[in-house]
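Take a look at the letters that make up each chain.
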Amino acid sequence: MNADTTGRSLGHVVVVGGGIAGLAAAHRLVTAGLRVTLLEGGDRLGGKLLAGEIAGAPVDLGAESLLARRPEAVALARAVGLGDRLQAPATTTASVWSRGRLVPMPKGHVMGVPADGASVCGLLSEEGVRRVGQDRDLPATEIGDDIAIGAYVAERMGHEVVDRLVEPLLGGVYAGDAYRISMRAAVPKLFDAARVHPTLTAAVRAVQRAGAATPSDAAGAGTGLGGSAFMGIRGGIGTLPGAVADAIRAAGGEILTHAPVTELRRVPAGEGGAYDASTAAGLAAATVAGAAVASASATARLAAATDARGTRWRIVAGGRVLFADGVVLATPARTTAALLAEEAPAAAAELDAVEYASMALVTLAFRRSDVQDLPGSGFLVPPVDGHTIKASTFSSQKWQWVTDAAPDLFLLRTSVGRYGEEEQVHRDDTDLVAASTKDLATATGLAARPVATTVTRWIGGLPQYPVGHLARVARVREAVTGLPGLRLAGAAYDGVGVPACIASAHRAADEIIATSETADPGAGHCP
């Protein structure tokens, strides 16, 4: 093992984790003029964003849409040169496969919570519709600092609307259990409104009037509001990580794969070498002159902050030792917990308790001539009906780029697995394909055999947000406040969707950038 210190000592930020959060943090930092090294333990970048191929056609094998009503993901795509490839869905209509038939997705709801019973008449039973209307006659419910959205909605409007609409929508986001998921974390606007309005109906209408009816983190789920809430990228959003990585390298950043971090600890500031302005200038010389000056200035400020603290970070990764003045941990909760066990045991204990759900995506290619009259962009499946699949997306109808790339094929995918159903995900590929095609045939009448199939498993891919999740996140951040130059990012904190992960990365990066700027307020400016 060789200490990697020459030209890599001070004014240096290490980002651990090469998913979209780590990439977004590294991009933010390097474009601000800081020296950045990104370390990814696996053999590829992108995390749950994965571009693939089936029957020769490009397809997303992970997340396949970006929530467009949040700006972060779309803005990042534009920043790395993908603006002209952004594409709205060709159709946004969806269905719910409930009680043996496909029912059009109701409109005018907030994450499945309706503003009145009339809007869910086609989906719920007559008794279920009446129960929704009884909300107006119930006394106010005390919800405190947090509450499970399923439990609260069931108390106000009955279990049927939770089981038939709220649960399948939340399953599309978290692969979770609506009766456990935090309302404050999953649908914060509705939570805030419910605390001040006497009925849930009034709260839903208040959210809709305020124009905030889209949940904060509903990437991949319908909103029932009409219009395009989502955006795709021609070629798949799985192409975004590569574009971000290219931009990082072009700006002078370093990216290492096969570099799992096995040790993270604070050491005296002088360990690993001292900051040398000529070294920083030499490292930046490969960039344009203006960028080189900015980089040297920013690294000098961060180095000054490190010297003032008296400590810096020593990172062991893939047989290398790196020293850094700032660290962003953009890794899953338990990986982050292991890295923080020595320096922040309280934060590590909290993170180690975060639970994850697994899921599998079954991607199927059919001859287009064999597929007739499938409705809209796909359908959701209420778990209460006992089917294997929890949703299906008709990719060739949802995305024009899929049709353009494979006009003779019809591509679709199903998702399998929810919180507490780990055994489903571990069924062999043949079983998962057979279960998917059986459910598709029952739901839609599609009897054709696929010409190609692929199964992608995301084991432990989706962190769960139970009641109290945001309080836990606050405790974690409080516990790491005393660790100078270290910040956290990723899906375990403020949302599991792509925009939310990018937002957490920007928050972490901006706080480190602020450290560099406050170290020497006059640096880089004329007196």
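Relevant structure appears above.
This write-up is about the structure you can find in this document. The structure displayed is predicted, hence computed values, not measured ones. (Residues numbered from 1 in each chain as written. Predicted model: local features only at pLDDT ≥ 70, side-chain atom pairs only at ≥ 80, totals over all residues. Heavy atoms only, no water.)

Focus on the pairing of strand β21 (residues 409-416)
In terms of burial, β21 is a largely internal element, 8 of the 8 residues being buried. For strand β18 (residues 356-367) and β21, the ladder comprises 8 bridges, and the chain directions are antiparallel. From the neighbouring strand, L361 faces β21, where its bridge partner is S415. Of the strand pairs in this sheet, strand β20 (residues 389-393) and β21 are connected by 4 bridges, and their pairing is antiparallel. Bridge assignment links T393 to a residue of β21, and that residue is R413. (Buried < 20%, exposed > 50% of the residue type's maximum accessible area, 1.4 Å probe, protein only. Helix = DSSP H or I, 4+ residues; strand = E, 2+ residues; numbered from the N terminus. Pairing = 2+ DSSP bridges.)

With respect to the environment of F366
Within the fold, F366 resides in strand β18. The class for F366 is buried, based on a relative accessible area of 1%. Measuring from C-alpha to C-alpha, the distance between F366 and L411 comes to 6.4 Å, with 45 residues separating the pair along the chain. Sequence-distant contacts of F366, defined by excluding residues within four places in its chain, comprise V371, D408, L409, F410, L412, L446, A448, R449, P450 and V451. (Contact = heavy atoms within 4.5 Å.)

Examining the sheet that holds strand β22 (residues 452-463)
Taken in spatial order, the 7 strands make up an open sheet running β9-β8-β19-β20-β21-β18-β22, and their pairing is mixed. With partners counted over all chains shown, the strands left at the sheet margins are β9 (101-104) and β22, one partner each. In this sheet, adjacent strand axes meet at a mean angle of 30° when their direction is disregarded. Bridging between strand β8 (residues 95-98) and strand β19 (residues 378-380) involves 2 bridges; their strand directions are parallel. Of the residues in β19, the one forming a bridge with V96 is L380. Set on the sheet, helix α17 (residues 429-444) makes contact with β8, β9, β18, β19, β20, β21 and β22; between it and β18 the angle comes to about 70°. (Axes fitted to C-alpha atoms, helices over the stretch in contact; angles between N-to-C directions.)

Looking at the packing of helix α4 (residues 149-157) against helix α5 (residues 159-174)
Contact pair α4 / α5: the axes reach a minimum separation of 9 Å and the direction vectors enclose 150°. Taken together, the axes of α4 and α5 lie roughly antiparallel to each other. The hand of the α4/α5 crossing is right-handed. Residue-level inspection shows I149, G150, V153, A154 and M157 of α4 in contact with α5, the latter providing H159, V161, V162, V166 and L170. Here the contact of α4 with α5 is built from residues that sort into 8 nonpolar, 2 polar and no charged. (Parallel < 35°, antiparallel > 145°, perpendicular 65-115°, else oblique. Left-handed = near helix turned anticlockwise from the far one by under 90°. Nonpolar A, V, L, I, M, F, W, Y, C, P; charged D, E, K, R; others polar.)

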